[in-house]
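Coordinate inspection notes
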Amino acid sequence: MLIRPDVAIVGAGPVGLAIAWRCAQRGLRVVVHDPAPGSGASHVAAGMLSPVAEAYFGEHELTGLLAESAARWPAFAAELTEVAGTDVGYRTGGTLVVGLTADDLAEARRLWSYQQGLGLSITPLRPSALRDREPALAPRVRGGAFAPGDHQVDPRRLVAALCAAAERAGAVLRPAPVARLSDVDARFTVVAAGCGAAALTGLPVRPVKGQVLRLRAPGGGAPGFRHVVRGYADGESIYLVPRDSGEVVVGATVEERTDTEVTAGAVLRLLRAAVDLVPELAEYDLVEASAGLRPGTPDNAPIIGPLPGRPGVLVATGHHRHGIVLTPVTADLVTELIATGEPDPLLAPFTPDRFVPEEEPGWN
Ligand code: GLY
């Protein structure tokens, strides 16, 4: 006879898998439903852990949650690496935020001033100091700043490690889709299905398309630059994430679209901006062009907590551009809520009850 699980999780991206791992560590019986673990937004994600460079105007509460989760990343990465026995690509070299032209630099400076006003650690650099830190930057780059606390992880390695850790802790992965929540029988159901959460819950989660490129350094070596580089190049917002493996992730478009086609125009814009900032990238191999759908919400903040009117159903979605950095804190908050019934005060701004379901979801 099948034993009813304590927790059923719909969605095996980093958030769903980390919740599964944490819940299984607490001795709960956990099942994770997903026909293709790690095939959603995380498959395309660059893996920047950027609580400072992604602190945007008017998003105070989200900025606080990003900082809280970033602070949990060192211990999370260390524990996961040990349990899974694989390197997740967690690197702590910091991030350079740059502007190519005078206009680009002015735009970047506005944001640094705001971030510094919040007490976040971002330090403008003289051009000579910028080039000392990262000689591969183009001489045309007008200026930049260093965010020492903004790091990176490799999302594909992260998913593989979380699958292993969750299974080792006793969670069961079921490679099957869930069309309706009523098809799931468990004490608690956690909807961590990214954009798919909208159809299951009626919450206003919408797809936000991102196109991303993967380049590889020639000759099998490491990239010729070591920091995450992000900023503006002739008005184009861009990031470059170098990995020890030789891979460089170049991203990303932000489009209100629901398809995952790769367009020539996006590839052109991303490559032009990338090469403008780091000219040696013109010599790299272009190994992948892909597109994914971020789960966006009306206020750009995630939706985490109990679903109103549905006892036993919790939601962990809407992480938009921050799914990877927010993975540890989301997993901790949801697990604590399930295990104790007590919501952490950190959850208050992010609970689903700030939205009214838009349409009748597929509950029945
Ligand atoms: N966090 C990076 C992106 O959404 O493109």
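Heads up: the structure comes first, above all this text.
Figured I'd write up the structure that's included with this text. Please read these numbers as outputs of a predicted model, since none were measured by experiment.

**Structural notes on helix H6 (residues 155–168)**
Over its 14 residues, H6 runs 20 Å from end to end, which matches the ideal 20 Å to within 8%, given 1.5 Å per residue. Where H6 is concerned, the buried positions are Pro 155, Leu 158, Val 159, Ala 161, Leu 162, Cys 163, Ala 165 and Ala 166. As for H6, its buried residues are in contact with helix H1 (14–25), helix H2 (41–44), helix H3 (60–84) and strand E8 (172–174). Here H6 starts with a cap whose side-chain oxygen sits 3.1 Å from the backbone nitrogen of Arg 156, and that cap is Asp 154.

**Quick word on the sheet that holds E8**
Spatial ordering of the open sheet is given by E8-E2-E1-E9-E16-E15, a layout of 6 strands whose pairing is mixed. Two strands close off the open sheet at either side, each with one partner strand: E8 and strand E15 (303–306). The mean inter-strand angle of the sheet, taken between neighbouring strand axes irrespective of direction, is 20°. Looking at chain direction, strand E2 (residues 30–33) and E8 are connected through 3 bridges and run parallel. Residue His 33 lies in a different strand from E8, and its bridge partner there is Arg 174.

**A look at the site of the ligand**
Contacts to the ligand come from Met 48, Glu 54, Tyr 239, Ala 252, Arg 294 and Arg 321. Between an oxygen atom of the ligand and a side-chain N or O atom of Tyr 239, the distance comes to 2.6 Å. A distance of 2.7 Å separates a nitrogen atom of the ligand from a polar backbone atom of Arg 321. Here the residues of the shell around the ligand sort into 3 nonpolar, no polar and 3 charged.

**Section: the packing of H1 against helix H9 (residues 327–340)**
The relative placement of two packed helices comes down to the angle between their axes together with the axis-to-axis distance. Relative orientation of the contacting elements H1 and H9 amounts to 45°, with a least axis distance of 8 Å. Regarding the angle of H1 to H9, the classification is oblique. For the pair H1 and H9, the sense of crossing is right-handed. Seen from H1, the contacting residues are Pro 14, Val 15, Ala 18, Ile 19, Arg 22 and Cys 23; seen from H9, they are Thr 327, Thr 330, Ala 331, Asp 332, Val 334, Thr 335 and Ile 338.

Conventions used here
- Residues numbered from 1 in each chain as written.
- Predicted model: local features only at pLDDT ≥ 70, side-chain atom pairs only at ≥ 80, totals over all residues.
- Heavy atoms only, no water.
- Helix = DSSP H or I, 4+ residues; strand = E, 2+ residues; numbered from the N terminus.
- Expected span 1.5 Å × (residues − 1).
- Buried < 20%, exposed > 50% of the residue type's maximum accessible area, 1.4 Å probe, protein only.
- Contact = heavy atoms within 4.5 Å.
- Polar contact = N/O pair within 3.5 Å; in protein donor to acceptor, adjacent residues only side chain to side chain.
- Pairing = 2+ DSSP bridges.
- Axes fitted to C-alpha atoms, helices over the stretch in contact; angles between N-to-C directions.
- Near = heavy atom within 4 Å.
- Nonpolar A, V, L, I, M, F, W, Y, C, P; charged D, E, K, R; others polar.
- Parallel < 35°, antiparallel > 145°, perpendicular 65-115°, else oblique.
- Left-handed = near helix turned anticlockwise from the far one by under 90°.

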